[in-house]
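Listed below are the residues making up each chain.
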Amino acid sequence: MLLDYDRLGWLKAALLAFTALVAAFLLLPVVFIVLLSFGSSRWLAFPPPGWTLKWYQELFADPSWIEAALTSARIATMTAILAVAIGLLASFALVRGQFRGREVLRGLLLTPMVLPVVVFAIAIYAFFLRLGLGGTTVGFVVAHTVLALPFAIIPTATALEGFDKSIEDAAIVCGASPLQAKLRITLPSIRIGIFSAAIFSFLASWDEVVVAIFMASPTLQTLPVKIWGSLRSDLTPVIAAASSLLVALTLALMIVTALLRRKLQT
Amino acid sequence: MTQPFLSIRKLRKAFGAFTAVHDVTLDIPKGEFLTFLGPSGSGKSTTLYAIAGFQDPTSGDVLLQAKSLLSVPSHKRNIGMVFQRYTLFPHLSVAENVAFPLRVRRRPEAEVKRKVADMLSLVRLESFAERLPAALSGGQQQRVALARALAYDPPILLMDEPLSALDKKLREEIQAEIRRIHRETGVTILYVTHDQEEALHLSDRIALFRDGRIEQIGTGEDLYLRPATDFVAGFIGNSNFLVAEHLETVGSTSTIRLADGALVSGINANGSFVHGQKARLMIRPEAFRLERAPNNAELSVEIVDIAFYGERRRIVARTSAGQEIDIRPTSSAVATHDASPGQRQVFFDPGGAFLFPA
């Protein structure tokens, strides 16, 4: 190969340094937030004059934070279930289907990933207001499902493409009805893709803030909305604590995904 | 006449303007091992898939014991099938793969257990029952696929080039296994391959496909020794085609003139010829002899090259008309009859040579 990594010489060191710099630039703010959540300064001063768990105590003592976290978890779970179900059906159509406009449909289903979120948020806000879905759990879940669909379809469709249809045909010759063959053979064979789809859809909803701000009502707030709102009223390290927990759960889910993938593949 | 076990009647399959299978008609007795042989795109796989129910034929019918299969969906046809590609269910153990067809039929657990054990011992993989397919070699996977396809005692077993992904040595091993399993179970097998040797080794009869039609059907010997067309002669085994001119036919034997002017009579003629018609004379490489025998025709050639092929030698020779031919005498014949490069006569039995239209 022209650009062989092992033969780059001094460029290799430069590449490593650059990569480290980019990673630091992206990750340091998160590290600071986590550090600040344990700092004793009320004004988020850095370096912190001392260390404390006080902000976490305050966080867990305030029912509105707990409420927001539970709302987030509930909406993200429902979003994940819905997105995986629709994503699975869509993947079969996109991978196996032979119909006109298949590529158009694929593009359409993946649009939410590239469309500016704020444009989608305003559109769906106006639409849901008319339907009376604004500020409801249903509205939240539907809006987040649209956003999560690309993240559900991509891993599922990729897994299905890698699955030889002859295996499903073999199940049918063996006496399984086409539906039985899909449920008992095809789905278990692409379970890694489906599992990834579930995690990614969950996360797409869990840390989504723009659409959530438009969908939220005073009585229905997700964790990111609550963080955003608190940030505007008073700058307290409790926000750093809440943010740290948000990051922690996301990180935990990613690690679980990676571990399960490895386990399922062997 | 009694009803044939499996009967294919005027089966036709068109994809748009392209007709993959033209009115194929075929009767298969119970317990036969029939091979569909032919080059790729000759319609052999399409015919098999129509029997399996994965292709709906444009017209025609497939009858099993006088009942049409076409209105029966694939999963209710109760047919066994082994595919070209590895189709074991990747998340199930070998034993569960074999058990799958019995489980979807809701057979009692004791029967499933017994049958799985029987099938795994049939393909000699008893000790692999708990393995996952990914931990098996390609040959082992196809043997498990065979066990799975036979687990529910299907009346017919379809095999679509099941050995094409395996290397030559393994292929021969599994061919022997398939023959043994056919003998032990007595199942009717329809086998698709493009490999003529595989077809000759395995089959009771071979149907040779060409452009969606059956060119000839018969035993391997029929096709090899009595080819109906020059396509069959060229596809099965090695053959030499000499330029010839037809002079006359009496009964079923003809007299011809070869390019060097020699007259040969007693040739088997395929089709009707007129006087003076250009034709091609097919002679198998091993039909040429180095020594004269009674009633043999002779051909003067220049021996160009001779190579050692184990039990036979391969001689490349050129006729006086400039045509290159392939001669395969036994090594012992070469030891007694000099075959060093240079001019000499070679001999052949006209009864083993066939005349085809040019």
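Residues numbered from 1 in each chain as written. Chains lettered and ligands numbered in written order. Predicted model: local features only at pLDDT ≥ 70, side-chain atom pairs only at ≥ 80, totals over all residues.

Student: Would you take a moment to explain the overall build of chain B for this structure?
Tutor: Helix and strand content of chain B: nine helices and 19 strands. The principal-axis extents of the C-alpha atoms in chain B amount to approximately 75 × 45 × 40 Å. Here chain B, with 358 residues, has 41% of them falling under the buried criterion. (Helix = DSSP H or I, 4+ residues; strand = E, 2+ residues; numbered from the N terminus. Buried ≥ 20, exposed ≤ 12 C-beta atoms within 10 Å, placed from the backbone.)

Student: Is there a simple way to explain the overall build of chain A in this structure?
Tutor: When its secondary structure is counted, chain A shows twelve helices and zero strands. When its helices and strands are written in sequence order, chain A yields α-α-α-α-α-α-α-α-α-α-α-α. C-alpha atoms of chain A, sized along the principal axes, occupy 70 × 65 × 30 Å. Looking at chain A as a whole, 33% of its 266 residues are labelled buried. Contacts in chain A between residues at least 24 apart in sequence constitute 74% of all its contacts with a sequence separation of at least 6. (Contact = placed C-beta atoms within 7 Å.)

Student: Is there a simple way to think about the interface of chain A and chain B in this case?
Tutor: Size of an interface, as often reported, equals the accessible area lost when the parts are brought together. If you look at the interface, chain A gives 16 residues, while chain B gives 18 residues. Only α7 (165-173) and α8 (178-189) of chain A provide two or more residues apiece to the side of chain A that touches chain B. No other element matches the seven residues that α7 of chain A contributes to the side of chain A that touches chain B.

Student: I keep staring at the sheet that holds strand β18 (residues 342-348) of chain B and nothing clicks. Help me out?
Tutor: The strands that make up a sheet pair up through hydrogen bonds in the backbone, lying either parallel or antiparallel. Residues and elements named next belong to chain B. Reading across the sheet, the four strands line up as β17-β16-β15-β18 and stay open at both edges, with antiparallel pairing between neighbours. The outermost strands of the open sheet, each flanked by one partner alone, are β17 (324-327) and β18. Strand-to-strand twist of the sheet, defined as the mean angle between neighbouring strand axes without regard to direction, takes the value 45°. Inspection of the sheet shows strand β15 (residues 297-309) paired to strand β16 (residues 312-319) by eight bridges, in the antiparallel sense. The residue bridging Y309 from the neighbouring strand is R312, located in β16. (Pairing = 2+ DSSP bridges. Axes fitted to C-alpha atoms, helices over the stretch in contact; angles between N-to-C directions.)

Student: Can you help me understand the environment of I306 of chain B in this one?
Tutor: Residue and element names in this part refer to chain B. Inspection of the secondary structure puts I306 in strand β15. Spatially, the C-alpha atoms of I306 and I327 are 9.3 Å apart, while their sequence positions differ by 21 residues. Sequence-distant contacts of I306, defined by excluding residues within four places in its chain, comprise R313, I315 and A339.

Student: Where do I start with helix α3 (residues 109-122) of chain B in this structure?
Tutor: Side chains that are three or four residues apart share a direction in an α-helix, a result of its 3.6 residues per turn. Residue and element names in this part refer to chain B. In this model, α3 (14 residues) spans 20 Å end to end at C-alpha, consistent with the 20 Å of a helix rising 1.5 Å per residue. The complete set of buried residues in α3 reads V112, K115, V116, M119, L120 and L122. Angular distribution of buried residues about the axis of α3 spans 150°; they occupy a single face of the element. Along α3, the residues that are exposed and aim more than 90 degrees away from the buried face are A110 and S121. The elements touched by buried residues of α3 are α2 (94-104), α4 (138-150) and α5 (168-185). At the exit of α3 stands R124, carrying a positive phi of roughly 60°. (Expected span 1.5 Å × (residues − 1). Arc of directions from axis to C-beta.)

Student: What exactly am I supposed to notice about the nonpolar core here?
Tutor: Where a protein is soluble and globular, its nonpolar side chains tend to be buried together. Counting residues in each nonpolar core, the largest one holds 106 residues, and the members touching the most others are V98, A147, L158 and L281 of chain B. In contact with L158 of chain B, not counting residues within four places along its chain, are L48, I51, A52, I79, G80, M81 and L190 of chain B. Grouped together as the second largest cluster of nonpolar side chains are 41 residues, L82, A204, A216 and V225 of chain A included. (Core = buried A, V, L, I, M, F, W, Y, C linked by C-beta atoms within 7 Å.)

Student: I tried to follow the pairing of strand β7 (residues 156-160) of chain B on my own but got confused; where do I start?
Tutor: Along any regular strand, the residues point their side chains to alternate faces of the sheet. Residue and element names in this part refer to chain B. In terms of burial, β7 is a largely internal element, five of the five residues being buried. Side chains of β7 alternate between two faces, with I156, L158 and D160 and L157 and M159 buried alike. Handedness of the crossover joining β7 and strand β8 (residues 188-193) through α5: right-handed. (Right-handed = clockwise from strand over helix to strand, strands pointing away.)

Student: Explain the sheet that holds strand β19 (residues 354-357) of chain B here, please?
Tutor: Here we have five strands rolled up into a closed barrel, ordered β11-β12-β13-β19-β14 (chain B), and mixed in their pairing. When the angles between neighbouring strand axes are averaged without regard to direction, this sheet yields 55°.

Student: Looking at this structure, I do not really get unusual backbone geometry. What am I missing?
Tutor: In most cases, non-glycine residues show a negative phi, while peptide bonds are predominantly trans. Cis peptide bonds are those with omega within 30 degrees of zero, and the linkage from F46 of chain A to P47 of chain A qualifies with -5°. Residue placement: P47 of chain A occurs in the loop between α1 (10-37) and α2 (54-61). The backbone phi angle of D211 of chain B is positive, close to 50°, even though this residue is not glycine.

Student: Which parts of the structure should I look at to understand the packing of helix α4 (residues 102-114) of chain A against helix α6 (residues 137-161) of chain A?
Tutor: The angle between the axes and the distance between the axes are what describe a pair of packed helices. Residues and elements named next belong to chain A. Between α4 and α6, the shortest axis-to-axis distance is 7 Å and the interhelical angle comes to 110°. For the element pair α4 / α6, the angle class is roughly perpendicular. Pair α4 / α6 crosses with left-handed handedness. On the side of α4, the interface is formed by L109, L110, P112 and M113, while α6 contributes V146, L147, L149, P150 and I153. Across the contact of α4 with α6, the residue classes break down as nine nonpolar, no polar and no charged. (Parallel < 35°, antiparallel > 145°, perpendicular 65-115°, else oblique. Left-handed = near helix turned anticlockwise from the far one by under 90°. Nonpolar A, V, L, I, M, F, W, Y, C, P; charged D, E, K, R; others polar.)

Student: Can you walk me through the pairing of strand β11 (residues 240-250) of chain B in this structure?
Tutor: Residue and element names in this part refer to chain B. Taken together, the six bridges between β11 and strand β14 (residues 278-283) define a ladder with antiparallel strand orientation. Across the sheet, V243 pairs through a bridge with R280, a residue of β14. The pairing of β11 with strand β12 (residues 253-258) spans six bridges and is classified as antiparallel. Its bridge partner being in β12, E248 is matched across the sheet by T255. Once β11 ends, the chain turns through two residues before running back antiparallel as β12, passing G251 with a positive phi of about 65°.

Student: Would you take a moment to explain the confidence of the model for chain B for this structure?
Tutor: Low pLDDT means the predicted atomic positions in that stretch should not be read closely. Across chain B, pLDDT averages 89, with 99% of residues at or above 70. As scored by the predictor, the complex reaches a pTM of 0.82 and an ipTM of 0.82. (pLDDT = per-residue confidence, 0-100.)

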